[in-house]
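Secondary and tertiary structure notes
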Amino acid sequence: KADFTQAVTSAVPSWPDLCTLGENMATIPLKGDAKVYIKRFNLADCPKPVQELHGRFEPLLLFYIDGAQIIEKGDPKWDVLMLIQPTPKGNQLLGLTTMYNFWAYPDNIRLRLSQILVLPPYQDAGLGKRMLQVTYDIARARSCIDLTIEDPTPNLQRVREKLEVEQLLSTPWAAHMAAECAQ
């Protein structure tokens, strides 16, 4: 048994600490002291281990998402958000979002959320909603004229609608109008 464990351990590539790579877009506290980080990477120029990790995760996207497709890794217009949870044994990838930046007339950018997946054991903890919120934040920061979602599932549509209503109610004029209508 020890020989087998040693052989498997030595065959596993040494992954860098993903929490130290990429741009930290959000930190999500979980139960206890646990945290999850949303890290942003551009697929064309991210570190090779991140590209390899995305490549290993991509078949799960095809399995879990209807209509998902393999994406062009060398295209600098692809960004990826990774949900990373540090653990004593290393980092766990809990989910992933892919986004594509494309041109809009005359000199604008549109952002398309192409794929979003939180692995089943980590669903129903608000992680997908938080990744969607970060996607909206990125679109605002880049002054995108639009954020579209490619072929959203009914579940994602519900999460998106709830998030958009929350965003709308956080604006003072909408909150005021909602309060007036409620009276």
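Everything below is about the structure printed above this text.
Described in the following lines is the structure provided in the data block. (Residues numbered from 1 in each chain as written. Predicted model: local features only at pLDDT ≥ 70, side-chain atom pairs only at ≥ 80, totals over all residues. Heavy atoms only, no water.)

**Describing the packing of helix α3 (residues 127–141) against helix α4 (residues 154–169)**
The line we're drawing: Each axis is a line fitted through C-alpha atoms, and for a helix only the stretch in contact is used; angles between axes span 0 to 180 degrees, taken between their N-to-C directions. Segments assigned H or I by DSSP are reported as helices when at least four residues long, segments assigned E as strands when at least two residues long, and all are numbered from the N terminus. For classification purposes, an angle smaller than 35 degrees is called roughly parallel, one larger than 145 roughly antiparallel, one from 65 to 115 roughly perpendicular, and anything else oblique. Crossing handedness is read from the near helix: turned anticlockwise from the far helix by less than a right angle, it gives a left-handed crossing, and turned clockwise, a right-handed one. Contact criterion: two residues are considered in contact whenever any of their non-hydrogen atoms come within 4.5 Å of each other. Three residue categories are used. Nonpolar comprises Ala, Val, Leu, Ile, Met, Phe, Trp, Tyr, Cys and Pro, charged comprises Asp, Glu, Lys and Arg, and polar comprises the others, including Gly.
Two elements in contact, α3 and α4, have axes separated by 10 Å at closest approach and are oriented at 55 degrees. With respect to α4, the element α3 is oriented oblique. Relative to α4, the crossing made by α3 is right-handed. Residues Lys129, Leu132, Gln133, Tyr136 and Arg140 of α3 pack against Leu156, Val159, Arg160, Lys162, Leu163, Glu164, Glu166 and Gln167 of α4. Looking at the contact of α3 with α4 residue by residue, the class counts come to 5 nonpolar, 2 polar and 6 charged.

**Comments concerning the side chain of Lys39**
We apply this condition: Each residue gets one of three labels from its accessible area relative to the maximum for its type: buried under 20%, exposed over 50%, partly exposed in between, using a 1.4 Å probe on protein chains only. Charge counting follows a simple rule: Lys and Arg are positive, Asp and Glu are negative, and His as well as the terminal groups are ignored. One side-chain nitrogen of Lys or Arg within 4 Å of one carboxyl oxygen of Asp or Glu is enough to make a salt bridge. Two N or O atoms count as a polar contact when they lie within 3.5 Å, although within protein this holds only if one can serve as hydrogen donor and the other as acceptor, and sequence-adjacent residues are included solely when both atoms are side-chain atoms.
With respect to the secondary-structure elements, Lys39 resides in strand β2 (residues 35–42). No salt bridge is formed by the buried Lys39; its nearest oppositely charged neighbour, Asp17, is found at 8.0 Å. Polar side-chain contacts of Lys39 include one of 2.9 Å to the backbone oxygen of Cys19. At a separation of 3.1 Å, a polar atom in the side chain of Lys39 contacts the main-chain carbonyl oxygen of Leu21. With residues near it in sequence (within four places) discarded, Lys39 still touches Leu18, Cys19, Leu21, Gly22, Glu23, Asn24, Val80, Leu81, Met82 and Ile84.

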